[in-house]
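# Fold and geometry: a report
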Amino acid sequence: DRNTSLLFGDWASASLVNTSGKWLIGASKLKTFGDKFDNLIRQPDGISMNGRGVFNFARNEVPKSIEELLDSERIELNQIDLFLVHQGSKAIVEQLGRMLRVGRDKMPIGIRDTGNAVSSSIPILLQDRFTSNASTLLLSGFGVGLSIGNMLIHHART
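Residue indices begin from 1 for each chain and proceed along its sequence in written order. Under the rules for a predicted model, residues below a pLDDT of 70 receive no local features and side-chain atom pairs below 80 are neither given nor counted, while totals for whole chains, interfaces and linings still include all residues. Working from all heavy atoms in the structure, the side-chain values ignore hydrogens and water.

### Side note on the environment of Gly 53
Let me state the cut-off plainly: Numbered from the N terminus, helices here are DSSP runs of H or I no shorter than four residues, and strands are runs of E no shorter than two.
Of note, Gly 53 is situated in helix 1 (residues 51-72). Gly 53 sits 15 residues away from Asp 38 along the chain, and the two C-alpha atoms are 9.1 Å apart.

### Re the packing of helix 1 against helix 2 (residues 90-100)
Which entries qualify depends on this criterion: Axis lines are fitted through C-alpha atoms, for helices just across the contact stretch, and the angle between N-to-C directions can take any value from 0 to 180 degrees. In what follows, roughly perpendicular refers to angles from 65 to 115 degrees, roughly parallel to angles under 35, roughly antiparallel to angles over 145, and oblique to any angle outside these ranges. By convention, the crossing between two helices is left-handed when the near helix turns anticlockwise from the far helix through less than a right angle, and right-handed when the turn is clockwise. In what follows, a contact means two residues having at least one pair of non-hydrogen atoms within 4.5 Å. Here the term charged refers only to Asp, Glu, Lys and Arg, the term nonpolar to Ala, Val, Leu, Ile, Met, Phe, Trp, Tyr, Cys and Pro, and the term polar to all other amino acids, Gly among them.
Viewed as axis vectors pointing N to C, helix 1 and helix 2 meet at an angle of 40°, and their least axial separation amounts to 10 Å. With respect to their mutual orientation, helix 1 and helix 2 come out oblique. The handedness of the crossing between helix 1 and helix 2 is right-handed. Taking contact as the criterion, the partners of Phe 55, Ala 58, Arg 59, Val 62, Pro 63, Ile 66 and Glu 67 in helix 1 are, on helix 2, Ala 91, Ile 92, Gln 95, Leu 96, Met 99 and Leu 100. Residues belonging to the contact of helix 1 with helix 2 are distributed by class as follows: 10 nonpolar, one polar and two charged.

### Considerations on helix 4 (residues 121-129)
Operational definition: To sort residues, take the accessible area from a 1.4 Å probe on protein chains only and compare it with the maximum for the residue type: under 20% means buried, over 50% means exposed, and anything in between is partly exposed. The directions from the helix axis to the C-beta atoms form the arc being described.
Of all the residues in helix 4, the buried ones are Ser 121, Ile 122, Leu 125, Leu 126 and Arg 129. Each buried residue of helix 4 sits inside an arc of 130° when the element is viewed along its axis, so together they form one side. In helix 4, the exposed positions that point more than 90 degrees away from the buried face belong to Gln 127 and Asp 128. Buried positions along helix 4 lie against strand 4 (82-85) and strand 5 (136-143).

Put into structure tokens, the structure is as follows:
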């Protein structure tokens, strides 16, 4: 519908994962909140979104789920070099940074250059960050469902 059509970009990405790269996939945690499905749902006449409901979901649940993953792995927030989160909006990325007490240097905002690239926002962020000095990254995707997926990636020690 007209209220949501401008929120979603037309992006696609592909990520190659293999067992001999410089980066290793670490722990992950997936969570879904089916009771909140009506905040973002496909209706017969288009997508229906309760923007405030989706924002509140991300603001409240994403930081908790990130902390749960880190707690389960006995990792402190300050041990994460980069937090690469879904770039749904600049406002939500900034809010997540505040909620987690993570500075902008550790939680980059890339939406200015791409708009909301939907599920491609994290691979787009990764593209320029694999060559940085970072050794531990936390990836966090969230949205439709409403669902959250968090994953740790570590630089392989050579």
